[in-house]
Amino acid sequence: MQISSRFTIAIHMLACMETFKENYKITSDFLANSINVNPVIIRRILSQLKDVGMIEVKRGTGGAAVTKNPDDITFLDVYRAVECIEENTLFHFHENPNPDCPVGRNIHNILDDKLRRVQEAMEKELASITLADVMEDLRKYLADPYSA
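Please read all numbers here as calculations on a predicted model, not as lab measurements.

Caption draft 1: View of the side chain of threonine 130. Considering the arrangement of structural elements, one finds threonine 130 in the loop between helix H5 (102–127) and helix H6 (131–143). Assessed through its relative accessible area of 12%, threonine 130 is described here as buried. Residues in contact with threonine 130, not counting those within four places in the same chain, are Pro70, Asp71, Ile73, Thr74 and Phe75.

Caption draft 2: Expanded view of the packing of aromatic side chains. Per the counting criterion, the structure on display carries five aromatic pairs. The interplanar angle of 70° and the centroid separation of 6.3 Å between the aromatic rings of phenylalanine 7 and tyrosine 79 together place this pair among those described as edge-to-face. Here the residue phenylalanine 7 occupies a position in helix H1 (residues 6–20), and tyrosine 79 occupies one in helix H4 (residues 75–82), the gap between them amounting to 72 residues. Across this residue pair, the class does not change: phenylalanine 7 and tyrosine 79 are buried. The interplanar angle of 35° and the centroid separation of 5.3 Å between the aromatic rings of tyrosine 24 and phenylalanine 30 together place this pair among those described as tilted. The partly exposed category is assigned to phenylalanine 30, whose relative accessible area is 24%. One aromatic cluster is present, built from ring pairs that chain together Phe7, Phe75 and Tyr79.

Caption draft 3: How the structure looks around the layout of surface pockets. Computed from the structure, the second largest pocket encloses a volume of approximately 260 Å³. Along its surface, the second largest pocket is lined by 15 residues, and Ser28, Arg43, Leu46, Val57 and Arg59 are the ones closest to its centre. Contributions of two or more residues to the lining of the second largest pocket are made by helix H3 (39–51), strand S1 (55–58) and strand S2 (63–66). With five residues, H3 is the largest single contributor of residues to the lining of the second largest pocket. Residue classes in the lining of the second largest pocket are distributed as four nonpolar, five polar and six charged.

The rules behind each value
Residues numbered from 1 in each chain as written. Predicted model: local features only at pLDDT ≥ 70, side-chain atom pairs only at ≥ 80, totals over all residues. Heavy atoms only, no water. Helix = DSSP H or I, 4+ residues; strand = E, 2+ residues; numbered from the N terminus. Buried < 20%, exposed > 50% of the residue type's maximum accessible area, 1.4 Å probe, protein only. Contact = heavy atoms within 4.5 Å. Phe/Tyr/Trp six-rings, centres within 6.5 Å; stacked < 30°, edge-to-face > 60°. 1 Å grid on protein atoms, 1.4 Å probe; cavity = no way out; pocket = protein on both sides within 12 Å on 5 of 7 lines; lining within 4 Å. Points joined across faces, edges and corners; volume = space filled by probe spheres on them. Nonpolar A, V, L, I, M, F, W, Y, C, P; charged D, E, K, R; others polar.

Right, dumping it as structure tokens:
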């Protein structure tokens, strides 16, 4: 299992919007150039972030901008905005375990609670990290001319 790159792309996009908001018009092409992906991917994620009110996108000459305080945008908010998880569950269970098999018959009883706890732990950690944390770390790298 792997979370798609939409999550990290969205964080990258938000960091660019915050970093360059005073000096550049933030367009899908601008973001695509920084992230090195097709602008179509950027526009799709912009739309998802806009749908949850995290950003605004002004057509034509306006560009994109973050609408919330970076302290108020958590990784969990971004994750929920861009990841397509069915029924709000991280783990997709195989549909028809064999009821005639003792493992198949009981696998949901065995795993459901454990998988729920894993998801809750991941969501708790995602909720503890904000865009402001990313921006603080980014400022350190931008200030150090010898950073990677």
